[in-house]
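Each chain, written out:
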Amino acid sequence: MFPEIITFKQLGDERGGLVAIEEETSVPFHICRIYYIYDTKVDVERGFHAHKTLSQVGVAVSGSCEMVLNDGTTEVCTRLDSPTKGVVIRPGIWRSMRCFSHDCVLLVLADQPYDESDYIRNYDDFLSWKCTP
Ligand code: TYD
């Protein structure tokens, strides 16, 4: 199924919300790296790359944004607007993010350390890479 959406269990109570994310169970991989994107200007679009081997899950833990995912054939846009909604970004998926609300904090969980050589940053290179057996 594309895109893969995860609904995290809401553990909050009358005091407020709480979501716990555990590797291998809440997300389908071992969590090696966590980063977050914040203070993104509202008219900024970012991303525009794919990864060869990296798997990620994105969650807007505050505010909202849109995640556009493209597998080389199909493009889908998912609105991330809840701390309980995650989108899985598998290897070989071109992604971009847009429509950031001023308060958006986009948390990203990743299964590998940062490695620039895992990035494909040119869309034509991405399409060629997808066609390579
Ligand atoms: P990049 O992944 O290109 O951001 P985006 O997809 O949101 O446009 O990362 C921006 C810069 O930050 C780039 O120079 C690489 C660096 N970076 C790290 O050093 N470590 C990381 O874990 C990440 C995600 C990025």
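This is a predicted model, so every value here is computed, not measured.

Undergrad: Got a sec to walk through the site of the ligand? Specific residues and values, please.
TA: If you check the shell around the ligand, you find Arg33, Tyr35, Ile37, Arg46, Gly47, His49, Met97, Tyr114, Tyr119 and Arg121 and nothing else. His49 is positioned with one of its side-chain polar atoms (N or O) 3.3 Å from an oxygen atom of the ligand. Between the ligand and the protein, one listed contact pairs an oxygen atom with a side-chain N or O atom of Tyr119 at 2.7 Å. Coverage of the ligand by the protein amounts to 62% of the 530 Å² it exposes when considered alone.

Undergrad: Could you give an account of the sheet that holds strand β5 (residues 65–70), naming the residues involved and the relevant values?
TA: Reading across the sheet, the five strands line up as β6-β5-β8-β3-β10 and stay open at both edges, with antiparallel pairing between neighbours. The open sheet has two free edges, formed respectively by β6 (75–80) and β10 (119–120), since each of these has just one partner strand. Here strand β3 (residues 46–51) pairs with β10 via two bridges, running antiparallel. The partner of His51 across the bridge, within β10, is Tyr119.

Undergrad: Give a description of the side chain of Ser64 that names residues and reports values.
TA: Mapped onto the secondary structure, Ser64 falls in the loop between β4 (56–62) and β5. In terms of polar contacts, Ser64 uses its side chain to reach the side chain of Arg79, at 3.0 Å. Look past the residues within four positions of Ser64 in its chain and what remains in contact with it is Arg79, Leu80, Asp81, Cys99, Phe100, Ser101 and Cys104.

Undergrad: I'd like a rundown of the nonpolar core, residues and numbers included.
TA: The biggest cluster of nonpolar side chains holds 15 residues, and the ones touching the most others in it are Met67, Leu69, Leu80, Phe100 and Leu106. Contributing elements (two or more residues each) for this core: β5, β6, β7 (85–89) and β9 (105–110). Of the residues forming this core, the biggest block, three residues, is contributed by β5. Apart from residues lying up to four places away in sequence, Leu69 is in contact with Phe2, Pro3, Thr74, Glu75, Val76, Val87, Val88, Ile89, Ile93, Trp94 and Arg95. Judged by nonpolar contacts, the second largest core, of 10 residues, contains Val27, Ile31, Val59 and Val88.

Cut-off values and rules
- Residues numbered from 1 in each chain as written.
- Predicted model: local features only at pLDDT ≥ 70, side-chain atom pairs only at ≥ 80, totals over all residues.
- Heavy atoms only, no water.
- Near = heavy atom within 4 Å.
- Polar contact = N/O pair within 3.5 Å; in protein donor to acceptor, adjacent residues only side chain to side chain.
- Areas by Shrake-Rupley, 256 points an atom, 1.4 Å probe, with all protein chains shown as cover.
- Pairing = 2+ DSSP bridges.
- Helix = DSSP H or I, 4+ residues; strand = E, 2+ residues; numbered from the N terminus.
- Contact = heavy atoms within 4.5 Å.
- Core = buried A, V, L, I, M, F, W, Y, C linked by side-chain atoms within 4.5 Å.
- Buried < 20%, exposed > 50% of the residue type's maximum accessible area, 1.4 Å probe, protein only.

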